[in-house]
Amino acid sequence: MSVRTLPLLFLNLGGEMLYILDQRLRAQNIPGDKARKVLNDIISTMFNRKFMEELFKPQELYSKKALRTIYNRLAHASIMRLNQASMDKLYDLMTMAFKYQVLLCPRPKDVLLVTFNHLDAIKGFIQDSPTILQQVDETFRQLTETYGTLSAGEFQLIRQTLLIFFQDLHIRVSIFLKDKVQNSNGRFVLPVSGPVPWGTEVPGLIRMFNNKGEEVKKTEFKHGGNYVSAPKEASFELYGDRVLKLGTNMYSVNRPVETHMSGASKNLTSQTQENIVPNPLAKEELNFLARLMGGMEIKKPSGPEPGFRLNLFTTDEEEEHAALSRPEELSYEIINIQAMQDQQRKEELARIMGEFEITEQPRQSSSKGDDLLAMMDEL
């Protein structure tokens with residue numbers, strides 16, 4: 001398992017979340033100023049400097065439930081609110097989209113290009129907000145510094161870690177089903193056509209060499225696909241042509257998107273066990289959430305501007321039906337930390353925050369812990 005996977009997982013899932021929210025804000029005819037405020041608030045919170053510092057520290061991936069708690073908090077960082085069923089659907093769409101992208105990456109290193117595609121699109125949402133743009137550019141530089149020198153083997157380990165995280169998720173998504181890239185059991189169809197990875201040759205030729213390294217024989221074979229050479233090398237710079245289309249906004253054309261539980265997912269024992277069996281990493285996950293949420297600066301709605309509810313379903317009736325029919329083992333219950341109701345847990349959380357306080361601000365550990373406890377108490 002790679003300890004460098006979490007930033008890529010978080011940023012790509014976050015990018016997919018923003019694509020979906022943008023599409024639903026337009027579909028529900030939310031006024032432009034409100035829609036911009038929602039996206040700006042979420043992106044500003046997502047790319048908060050302290051939050052990114054914690055995210056980029058080498059660490060193992062945590063459970064889907066712990067990560068889901070972060071995204072639930074992130075989605076409610078503005079005046080928009082989501083019901084449980086809509087939040088479930090949002091998370092399902094996010095995870096299945098990124099799983100598809102990881103599976104189809106021509107090379108393990110291309111997961112970085114997928115991330116850059118998401119960041120490029122996010123910058124398009126905030127063109128009129130230079131301060132937030134600067135936050136995103138800073139994250140891009142962190143990505144370049146962290147991943148720019150990794151070997152192919154290290155990227156393969158990152159890809160493997162991501163696929164292990166996603167391996168039990170087989171949720172059917174209408175867009176994937178209509179495009180025939182997903183089967184009815186929720187598993188993706190891997191293509192046997194298209195460009196090969198940059199720097200490699202189209203399959204179909206076997207070369208044989210002698211002990212002096214001289215080519216002595218060529219043999220052709222039928223590979224059964226329809227491959228072509230890569231048109232050009234993709235850019236890993238701040239601005240440039242990524243070439244790869246994975247990670248771009250598939251909701252830019254307004255299409256209704258539905259999710260359905262496959263039979264495999266409904267009977268998934270490993271996910272059921274995650275909810276029932278005591279988690280030996282529970283304390284570490286509390287630690288993880290405390291550190292990450294400590295870096296999140298949530299802006300409360302100010303002034304008379306009212307909030308609004310966003311529905312990821314076509315009607316309220318569909319949303320209610322989805323909430324009632326969702327299998328219990330696929331329900332990601334949000335981790336609530338009721339710190340103010342339990343003095344012992346309050347002291348434990350404050351101690352954890354003290355251990356992970358930034359060394360440049362040693363005097364603020366207790367007050368920051370109290371602020372975090374109050375913030376978590378409002379979840």
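See the structure shown above.
Before going into details, it helps to say that this report is about the structure given with it. Bear in mind that the values here come from a model prediction, so they are computed numbers and not experimental data.

## Some details on the nonpolar core
In terms of nonpolar packing, the biggest core is built from 79 residues, with Leu 9, Phe 10, Met 17, Tyr 71, Leu 90, Phe 98 and Tyr 147 touching the most fellow members. In terms of residues, this core owes the most to one element, helix α1 (residues 6-27), which gives twelve residues. If sequence neighbours within four positions are ignored, Phe 98 has contacts with Leu 8, Leu 9, Asn 12, Leu 13, Val 111, Val 114, Leu 162 and Phe 166.

## A short note on the packing of aromatic side chains
In the structure shown here, the tally under the stated rule is eleven aromatic pairs. A ring pair is formed by Phe 10 and Tyr 71, whose centres lie 5.3 Å apart and whose planes are at 20 degrees; its orientation type is stacked. Remark: Tyr 71 occurs in helix α4 (residues 64-75) and Phe 10 occurs in helix α1; sequence separation between them is 61 residues. Among the residues examined, Tyr 71 registers a relative accessible area of 0% and is labelled buried. An angle of 35 degrees between the planes, with centres 5.0 Å apart, marks the rings of Tyr 100 and Phe 176 as tilted. Pair noted here: Tyr 100 is in helix α5 (residues 84-104) and Phe 176 is in helix α9 (residues 174-178), with a separation of 76 residues, a long-range link. The residues Tyr 100 and Phe 176 share a single accessibility class, namely buried. Through a chain of ring-to-ring contacts, three or more aromatic side chains come together here, namely Phe 10, Phe 51, Tyr 71 and Tyr 91. Between the NZ or CZ atom of Lys 64 and the centre of the ring of Phe 165, over which it lies, the distance is 5.0 Å. Taking NZ or CZ as reference, Lys 109 lies 4.6 Å from the ring centre of Phe 236, over its face.

## Points about unusual backbone geometry
Where the residue is not glycine, phi is negative for most of them; where a peptide bond is considered, it is trans in most cases. The backbone of Lys 180 sits at a positive phi, close to 60 degrees, despite the residue not being glycine. By the secondary structure assignment, Lys 180 is in the loop between α9 and β3 (193-195). Here Lys 180 falls in the exposed class, since its relative accessible area comes to 68%.

## Remarks on the packing of α1 against helix α7 (residues 130-147)
As a packed pair, α1 and α7 sit with axes 12 Å apart at the nearest point and diverge in direction by 145 degrees. For the crossing formed where α1 meets α7, the hand is left-handed. Along its contact with α1, which presents Pro 7, Leu 8 and Leu 11, the element α7 presents Thr 139, Leu 143 and Tyr 147. Residue composition of the contact of α1 with α7, by class: five nonpolar, one polar and no charged.

## Quick look at the pattern of salt bridges
Overall, the coordinates contain 13 salt bridges when judged by the stated rule. Between Arg 242 and Asp 120 there is a salt bridge, and its shortest N-O distance comes to 2.8 Å. In this pair, Arg 242 is assigned in the loop between β6 (226-228) and β7 (259-261) and Asp 120 in helix α6 (residues 110-125), connecting sequence segments 122 residues apart. You can call Arg 242 buried: its relative accessible area is 3%. Residue Arg 207 is joined to Glu 215 by a salt bridge in which the shortest nitrogen-to-oxygen separation is 3.5 Å. On the basis of relative accessible area, Arg 207 is assigned to the partly exposed category, the value being 35%. Overall, the relative accessible area of 38% leaves Glu 215 in the partly exposed class. Counted as one network, the salt bridges with shared partners bring together Glu 201, Arg 207, Glu 215 and Lys 218.

Procedures and definitions
Residues numbered from 1 in each chain as written. Predicted model: local features only at pLDDT ≥ 70, side-chain atom pairs only at ≥ 80, totals over all residues. Heavy atoms only, no water. Core = buried A, V, L, I, M, F, W, Y, C linked by side-chain atoms within 4.5 Å. Buried < 20%, exposed > 50% of the residue type's maximum accessible area, 1.4 Å probe, protein only. Helix = DSSP H or I, 4+ residues; strand = E, 2+ residues; numbered from the N terminus. Contact = heavy atoms within 4.5 Å. Phe/Tyr/Trp six-rings, centres within 6.5 Å; stacked < 30°, edge-to-face > 60°. Lys NZ or Arg CZ within 6 Å of the ring centre and 35° of its normal. Axes fitted to C-alpha atoms, helices over the stretch in contact; angles between N-to-C directions. Left-handed = near helix turned anticlockwise from the far one by under 90°. Nonpolar A, V, L, I, M, F, W, Y, C, P; charged D, E, K, R; others polar. Salt bridge = Lys/Arg side-chain N within 4 Å of Asp/Glu carboxyl O.

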